[in-house]
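Working through the structure, step by step
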Amino acid sequence: EAQVTQNPRYLITVTGKKLTVTCSQNMNHEYMSWYRQDPGLGLRQIYYSMNVEVTDKGDVPEGYKVSRKEKRNFPLILESPSPNQTSLYFCASSLSAGGPNEQFFGPGTRLTVL
Amino acid sequence: AQKITQTQPGMFVQEKEAVTLDCTYDTSDPSYGLFWYKQPSSGEMIFLIYQGSYDQQNATEGRYSLNFQKARKSANLVISASQLGDSAMYFCAMREGRETGGFKTIFGAGTRLFVKA
């Protein structure tokens, strides 16, 4: 089944404790992206990647890191989480960056930072 | 700065009637794509419809159509014959092209649609 998977689905952590949210897609997509969703703000793009070893900042990259060492994986790293990073996080992928290529979304990761 | 505006935080529609969800956008890139996604209360994001900036005709997908007015920079979603299962949050999104320096994707704040029986 074609899908985007994220782990964990739920995470409660404390301020300053490094964490990684994994994202993997099995559709051989080039474009991958991370978003955070907050009430009243819609989805905001954190980072995106056009292909392996090619990443770029979205609108809210502060406090986050990403890497794209393999085409299928795009982990999101919070080196020192803070309470303002409490949010619902989505990973998404699409066949390529341009054209009529919709994004396929993972199920979301709900993160709480105490 | 590039942005997406959805001016209707919430809307009600009677079952079987049509409804229009508004979306305006702003970009300096001549090449861009516009998307609508649905998010039911279960939380998943579902793609509905796409319109490219160079497309001459309005996009349609089943009961969904996109009223694309390029000069006004609007991309309104029209849902015909509303069903109870259409109750959800709807997001308009824009993915810019190469000229802006990348392929960022920007989402609006969303419109919550309630379909009444």
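Tallying secondary structure elements over chain B gives 0 helices and 12 strands in all. In chain B, the succession of α and β elements from N to C terminus is β-β-β-β-β-β-β-β-β-β-β-β. Rg of the C-alpha trace for chain B: 14 Å, near the compact-globule value of 13 Å for 117 residues, within the 12% margin. Referenced to the eigenvectors of the C-alpha coordinate spread, the extents of chain B come out at roughly 45 × 30 × 20 Å. Going through the 117 residues of chain B one by one, you find that 50% of them count as buried. Looking at chain B alone, contacts between residues at least 24 apart form 55% of all its contacts between residues at least 6 apart. Of the roughly 5500 Å² of accessible surface on chain B, 48% is carried by carbon and sulfur atoms. The distance from the centre of the 12 positive side-chain charges to the centre of the 11 negative ones in chain B is 3 Å.

Once that is clear, we can look at the nonpolar core. The biggest cluster of nonpolar side chains holds 26 residues, and the ones touching the most others in it are Leu21(B), Tyr25(B), Trp36(B), Ile49(B), Leu77(B), Tyr90(B) and Leu113(B). Sorting the residues of this core by element identifies strand 2 (10-14), strand 3 (19-21), strand 5 (32-39), strand 6 (46-52), strand 8 (64-69), strand 9 (74-79), strand 10 (88-96) and strand 12 (111-116) of chain B as the ones contributing at least two each. Looking at this core, the element that brings in the most residues is strand 10 of chain B, giving 4 residues. With 19 residues, the next largest nonpolar core counts Met32(A), Trp34(A), Tyr64(A) and Cys91(A) among its residues.

All names here are of chain B. Structurally, Ala-117 is set in the segment after strand 12. For the pair Ala-117 and Tyr-37, spaced 80 residues apart in the sequence, the C-alpha separation amounts to 23 Å. Those residues in contact with Ala-117 that lie beyond four places of it in its chain are Gln-14, Glu-15 and Leu-84.

This paragraph deals with the side chain of Gln8(B). Residues and elements named next belong to chain B. Position of Gln-8 relative to the elements: it lies in the loop between strand 1 (3-5) and strand 2. From its side chain, Gln-8 meets the backbone nitrogen of Asp-22 in a polar contact 2.7 Å long. Not counting chain neighbours up to four residues away, the residues in contact with Gln-8 comprise Thr-20, Leu-21, Asp-22, Gly-110, Thr-111 and Arg-112.

Counted according to the given criterion, the structure contains 15 aromatic pairs over all chains. Considering the side-chain rings of Phe12(B) and Phe114(B), the 5.0 Å spacing of their centres and the 20° angle between planes classify their relative orientation as stacked. Within this pair, whereas Phe12(B) is found in strand 2, its partner Phe114(B) is found in strand 12, the two being separated by 102 residues in sequence. You can call Phe12(B) exposed: its relative accessible area is 56%. By relative accessible area, which is 35% here, Phe114(B) ends up partly exposed. Relative to Tyr32(B), the ring of Tyr25(B) has its centre 5.1 Å away and its plane inclined at 55°; by these criteria the two rings are tilted. Per residue, the accessibility class of Tyr25(B) equals that of Tyr32(B), and both read buried. In this structure an aromatic cluster arises from ring pairing among Tyr35(A), Phe90(A), Phe105(A), Phe35(B), Tyr37(B), Phe47(B), Tyr50(B), Phe91(B) and Phe107(B).

To continue, consider the sheet that holds strand 8 (residues 76-78) of chain A. All names here are of chain A. With antiparallel pairing, the 4 strands of this open sheet are ordered in space as 1-3-8-7. The open sheet has two edge strands, strand 1 (4-7) and strand 7 (65-66), and neither has a second partner. Here strand 3 (residues 19-25) pairs with strand 8 via 3 bridges, running antiparallel. The residue of strand 8 that forms the bridge with Val-21 is Leu-76.

Glancing now at the pattern of salt bridges. All names here are of chain A. On inspection of all chains with the given rule, the structure shows 7 salt bridges over all chains. Asp-38 is paired through a salt bridge with Arg-36; the nearest N and O atoms lie 2.8 Å apart. Look at Asp-38 and you get buried, because its relative accessible area is 12%. Look at Arg-36 and you get buried, because its relative accessible area is 9%. With a shortest N-O distance of 2.9 Å, Glu-79 and Lys-65 are connected by a salt bridge. Taken together, the positions of Glu-79 in the loop between strand 8 and strand 9 (87-94) and Lys-65 in strand 7 put the pair 14 residues apart, joining distant regions of the chain. It is possible to trace a salt-bridge network through shared partners that takes in Lys-18, Lys-65 and Glu-79.

So, how was this worked out
- Residues numbered from 1 in each chain as written.
- Chains lettered and ligands numbered in written order.
- Predicted model: local features only at pLDDT ≥ 70, side-chain atom pairs only at ≥ 80, totals over all residues.
- Heavy atoms only, no water.
- Helix = DSSP H or I, 4+ residues; strand = E, 2+ residues; numbered from the N terminus.
- Rg over C-alpha atoms; globule rule 2.2 N^0.38 Å.
- Buried < 20%, exposed > 50% of the residue type's maximum accessible area, 1.4 Å probe, protein only.
- Contact = heavy atoms within 4.5 Å.
- Areas by Shrake-Rupley, 256 points an atom, 1.4 Å probe, with all protein chains shown as cover.
- Lys, Arg positive; Asp, Glu negative; His and termini not counted.
- Charge placed at Lys NZ, Arg CZ, Asp CG, Glu CD.
- Core = buried A, V, L, I, M, F, W, Y, C linked by side-chain atoms within 4.5 Å.
- Polar contact = N/O pair within 3.5 Å; in protein donor to acceptor, adjacent residues only side chain to side chain.
- Phe/Tyr/Trp six-rings, centres within 6.5 Å; stacked < 30°, edge-to-face > 60°.
- Pairing = 2+ DSSP bridges.
- Salt bridge = Lys/Arg side-chain N within 4 Å of Asp/Glu carboxyl O.

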